[in-house]
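One letter stands for each residue in the lines below.
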Amino acid sequence: MPQDYGDLATWIGSIGTVAAFAVAYYQIHQERRHRLAREFRDRLAARREHADKVSAWVSGSQVVVANRSGHPIHDVDIALGTIAPGGGGEDTASTHLVVVPPGEHAVDLDRSDAAPHVVRVAFTDSRADRWSREAGKHPERVDQAD
């Protein structure tokens, strides 16, 4: 006795239903992946928001640290470069500050004949993230602990 497996219309409808579920699953998975990536980028931008507001420069015989983040920063290391008179090579020195509260703060430098400039600023923000910022660039996290 032959078995009845249903008619063609029932089979096509069943295959269509399974295909619709597969497409819906794929779309939900893709949307979730994009949403998680967007949330990750937003979290990084929020973390970097404080670091974007910290800068340093040399003014006369002082190095000025501007902390416009609204929160204190800690363990500030400022690497200075100097170009010797007559166009010699770069010489580096550094300055360390334990805490820099919000605002602009100036620190006296040892005066020499060379004109110093800020090469890099490294600091720890209020979230305990360590950042490094080279002159003219965006800050980058140097610790990757989350």
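Cut-offs used in this document
- Residues numbered from 1 in each chain as written.
- Predicted model: local features only at pLDDT ≥ 70, side-chain atom pairs only at ≥ 80, totals over all residues.
- Heavy atoms only, no water.
- Pairing = 2+ DSSP bridges.
- Helix = DSSP H or I, 4+ residues; strand = E, 2+ residues; numbered from the N terminus.
- Axes fitted to C-alpha atoms, helices over the stretch in contact; angles between N-to-C directions.
- Expected span 1.5 Å × (residues − 1).
- Buried < 20%, exposed > 50% of the residue type's maximum accessible area, 1.4 Å probe, protein only.
- Salt bridge = Lys/Arg side-chain N within 4 Å of Asp/Glu carboxyl O.
- Core = buried A, V, L, I, M, F, W, Y, C linked by side-chain atoms within 4.5 Å.
- Patch = residues over 30% accessible without salt bridge, like charges linked within 9 Å, V, L, I, M, F, W, Y side chains within 5 Å.
- Areas by Shrake-Rupley, 256 points an atom, 1.4 Å probe, with all protein chains shown as cover.

**Quick notes on the sheet that holds strand S2 (residues 62-67)**
Thought 1: Taken in spatial order, the three strands make up an open sheet running S1-S2-S5, and their pairing is antiparallel. Looking along the sheet, the strands with just one partner apiece sit at the ends: strand S1 (54-59) and strand S5 (103-108). Strand-to-strand twist in this sheet, taken as the mean axis angle between neighbours without regard to direction, amounts to 20°.
Thought 2: Direction of pairing for S2 relative to S5: antiparallel, over a ladder of six bridges. Paired with valine 65 across the bridge in S5 is histidine 105.

**Considerations on helix H1 (residues 8-52)**
Thought 1: A rise of 1.5 Å per residue sets the reference length of H1, with its 45 residues, at 66 Å; its end C-alpha atoms lie 65 Å apart and thus fit the reference within 8%.
Thought 2: Buried residues of H1: Gln30, His50 and Ala51, and no others.

**Observations concerning the pattern of salt bridges**
Thought 1: According to the stated counting rule, one finds eight salt bridges in the structure shown.
Thought 2: Salt bridges sharing partners connect three or more residues here, namely Arg47, Asp129 and Arg141.

**Digging into the nonpolar core**
Thought 1: Val76, Ile78, Val118 and Phe123 are the most contacted members of the largest nonpolar core, which totals 16 residues.
Thought 2: With four residues, strand S3 (residues 73-83) is the single largest residue contributor to this core.

**Digging into unusual backbone geometry**
Thought 1: One non-glycine residue, aspartate 75, adopts positive backbone phi at about 45°.
Thought 2: Along the chain, aspartate 75 falls in strand S3.
Thought 3: Although it is not a glycine, alanine 128 adopts a positive phi angle of roughly 70°.
Thought 4: As for its position among the elements, alanine 128 is in the loop between strand S6 (115-124) and strand S7 (130-134).

**Quick notes on the pairing of S1**
Thought 1: Inspection of the sheet shows S1 paired to S2 by six bridges, in the antiparallel sense. By the bridge assignment for S2, alanine 56 is matched with valine 65.

**Considerations on a nonpolar patch on the surface**
Thought 1: A cluster of nonpolar residues, Tyr5, Trp11 and Ile15, forms a patch on the protein surface that exposes about 400 Å² of accessible area.
Thought 2: Take tryptophan 11: it is sitting in helix H1.

Worth remembering: the numbers are spatial, not functional.
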